[in-house]
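A structural walkthrough
These are the residues of each chain, in order.
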Amino acid sequence: MPADSAPPGGISRSIMVIHLNIVVYAFCFWVTNPSMPFLLKEHGASSLSFGYFASLFNLVQLIGGLTVGNLQDRYSGSAAMNITQLGSLTVYLLMFFATSLNMLYLSRLPTILQQSMQVAQAFISKNTDEESRSLALSRIS
């Protein structure tokens, strides 16, 4: 049995690593996301600026989905997961060191690579049989 294959009735190591990546990604996202209005206010942003900030994030995420999907198809799921985690790290470091409103806006640009959930879903879809795919996909959500 290959080292990466699942034991009978078990979960493969790769899928466990994917789950761990999603936990780290989700934890960091849900810790930083609620603090964003306070960070923006601290740097002198108006209510309208927060709307622009959120819109920029959503636009970059839309473009990023296409970009990371192409990377995953071209290279591999593990390479795409590494890239998405590095993108997330870059976002959080830029947010941490932001000293101005412009730096906070700049911290949204690397979110183009913040597509860990998409990569995980594609990996699980590719590496599970049709019978267990629905259950495996529901577990990462």
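Everything discussed here concerns the structure shown above.
The text that follows walks through the structure, step by step, so that each part is easy to find. On a predicted model such as this, the values are computed, not experimentally measured, just so you know.

1. Quick notes on the nonpolar core
Counting 12 residues, the largest nonpolar core is built from Ile 15, Ile 18, Ile 22, Val 68, Ala 80, Met 81, Val 119, Ala 120, Phe 123, Ile 124, Ala 136 and Ile 140. Broken down by secondary-structure element, the contributors of at least two residues to this core are helix H1 (13-32), helix H4 (77-97), helix H6 (116-127) and helix H7 (130-140). Looking at which element gives the most residues to this core, the answer is H6, with 4 residues. Residues in contact with Met 81, not counting those within four places in the same chain, are Ile 18, Asn 21, Ser 116, Val 119 and Ala 120.

2. Regarding the packing of H1 against H4
Running from N to C, H1 and H4 point in directions that differ by 20°, and their axes come no closer than 11 Å. When the axis of H1 is compared with that of H4, the two are roughly parallel. The hand of the H1/H4 crossing is left-handed. Residue-level contacts link Ile 18, Asn 21, Tyr 25, Cys 28, Phe 29 and Thr 32 of H1 to Met 81, Gln 85, Ser 88, Tyr 92 and Met 95 of H4. For the contact of H1 with H4, the class distribution of residues is 7 nonpolar, 4 polar and no charged.

Thresholds applied
- Residues numbered from 1 in each chain as written.
- Predicted model: local features only at pLDDT ≥ 70, side-chain atom pairs only at ≥ 80, totals over all residues.
- Heavy atoms only, no water.
- Core = buried A, V, L, I, M, F, W, Y, C linked by side-chain atoms within 4.5 Å.
- Buried < 20%, exposed > 50% of the residue type's maximum accessible area, 1.4 Å probe, protein only.
- Helix = DSSP H or I, 4+ residues; strand = E, 2+ residues; numbered from the N terminus.
- Contact = heavy atoms within 4.5 Å.
- Axes fitted to C-alpha atoms, helices over the stretch in contact; angles between N-to-C directions.
- Parallel < 35°, antiparallel > 145°, perpendicular 65-115°, else oblique.
- Left-handed = near helix turned anticlockwise from the far one by under 90°.
- Nonpolar A, V, L, I, M, F, W, Y, C, P; charged D, E, K, R; others polar.

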